[in-house]
Amino acid sequence: DDPDRVIDCLGKITSSSKLLLSLINEVLDMSKIESGRIVLSEEDFLLDSLFKDVISMIQPDLKRRGHTLNIHIETLEHEAVCGDMQRLQQIINNLLSNAIKYTPHGGTITLELSETRSPQQGYSTYRLVCEDFVFRVSDTGVGMSREYMGRIFEMFSRDQNSYKQGIQGTGLGMAITRNIARMMDGDIWVESTPGRGSRFTVTFNLRLRNQILPDSSVLTELPVLVA
């Protein structure tokens, strides 16, 4: 007979269940990565659709924290690509979620995407920056110490600021992000200034749709000399 109390409890149950599910998924993903059991899928998708899906998922958190999200897309020649859309979505979501968590109320988060030619025929290299987390993702958050920047991509590593501010997480998100980026022939690095924010940059290769790739079957079973 207490509707307000019921609504409050249901909200906490929903929030806790989402956190529990994310913890389980991150531990399972790290286990798969360590055992070499993650295989990237190949599916056709549009980068525009990918960004729309991610933004729609994080929109409630942006509003709740009063953040402004700026998106800059430049030199994007190929929007139709082929690759593992779900894993790429996971990378972007990890970066933006961290940016939202570590940026004080009313902050600004910037997401940038650009494209350059890849040395691999039929592929393009994409650069994503997120500021206080960058594809490039960047933010105006709390930033991090130089000491923590050296181990941010290690498993279960968390900054002391996250404990002080009561921010929840496993410390696996960045380790998973780096592994997935490297599986896509890319990488991730970070720049940060305490009290001023952070910038994460991710690169990854995606195959261009409707591209004819060279026939590699002629190389099967040929001897190789590595010097």
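All figures in this text were calculated on a predicted structure; none of them were measured in a lab.

Caption draft 1: Examining the packing of helix α3 (residues 85–102) against helix α6 (residues 173–183) more closely. Look at α3 against α6: their axes get within 10 Å of each other, and the N-to-C directions meet at 145 degrees. Crossing of α3 over α6 shows left-handed handedness. Contacts from Arg-87, Gln-90, Ile-91, Asn-94, Leu-95 and Asn-98 in α3 reach Gly-173, Met-174, Ile-176, Thr-177, Ile-180 and Ala-181 in α6.

Caption draft 2: Structural detail: unusual backbone geometry. Unusually for a residue other than glycine, Asp-185 sits at a positive phi of about 60 degrees. Its place among the elements puts Asp-185 in the loop between α6 and β7 (187–193). The exposure class assigned to Asp-185 is exposed, which follows from its relative accessible area of 52%. Of note in this structure, Glu-221 is not a glycine but carries a positive phi near 70 degrees.

Caption draft 3: Expanded view of helix α2 (residues 47–65). Under the 1.5 Å per step criterion, the end-to-end length of α2 is 26 Å for 19 residues, consistent within 8% with the ideal 27 Å. Maximal helix bending in α2 amounts to about 45 degrees, located at Ile-58; proline Pro-60 follows within four positions. Taken as a whole, α2 has its buried residues at Leu-47, Leu-50, Phe-51, Val-54, Ile-55, Ile-58 and Leu-62. After α2 finishes, the residue Gly-66 shows a positive phi value of roughly 70 degrees.

Caption draft 4: A look at the environment of Asp-187. For Asp-187, the position within the fold is in strand β7. In this structure, the C-alpha to C-alpha distance between Asp-187 and Asn-205, residues 18 residues apart in sequence, is 10.0 Å. Leave out the neighbours within four places in its chain, and Asp-187 touches Arg-178, Ala-181, Arg-182, Thr-201, Val-202 and Thr-203. In this structure the side chain of Asp-187 is engaged in a polar contact, spanning 3.2 Å, whose partner is the side chain of Arg-182.

Caption draft 5: Inspection of the packing of α2 against α3 at higher detail. Packing of α2 against α3 leaves a shortest axis separation of 10 Å and a crossing angle of 25 degrees. Considering the angle they form, α2 stands roughly parallel to α3. Between α2 and α3 the crossing geometry is right-handed. Across from Leu-47, Leu-50, Phe-51, Asp-53, Val-54, Met-57, Ile-58, Asp-61, Leu-62 and Arg-65 in α2, the residues of α3 making contact are Met-85, Leu-88, Gln-89, Ile-92, Asn-93, Leu-96, Ile-100 and Lys-101.

Caption draft 6: Representation of the environment of Gly-106 in the model. Relative to the helices and strands, Gly-106 is located in the loop between α3 and β4 (108–117). Each C-alpha atom, one on Gly-106 and one on Arg-64, is 9.6 Å from the other, the two residues being 42 residues apart in sequence. The residues contacting Gly-106, other than those within four sequence positions of it, are Arg-65, Gly-66 and His-67.

Rules behind the numbers
Residues numbered from 1 in each chain as written. Predicted model: local features only at pLDDT ≥ 70, side-chain atom pairs only at ≥ 80, totals over all residues. Heavy atoms only, no water. Axes fitted to C-alpha atoms, helices over the stretch in contact; angles between N-to-C directions. Helix = DSSP H or I, 4+ residues; strand = E, 2+ residues; numbered from the N terminus. Left-handed = near helix turned anticlockwise from the far one by under 90°. Contact = heavy atoms within 4.5 Å. Buried < 20%, exposed > 50% of the residue type's maximum accessible area, 1.4 Å probe, protein only. Expected span 1.5 Å × (residues − 1). Bend = angle between axes of the 7 residues up to and from the residue. Polar contact = N/O pair within 3.5 Å; in protein donor to acceptor, adjacent residues only side chain to side chain. Parallel < 35°, antiparallel > 145°, perpendicular 65-115°, else oblique.

Read these as spatial facts, not as claims about activity.
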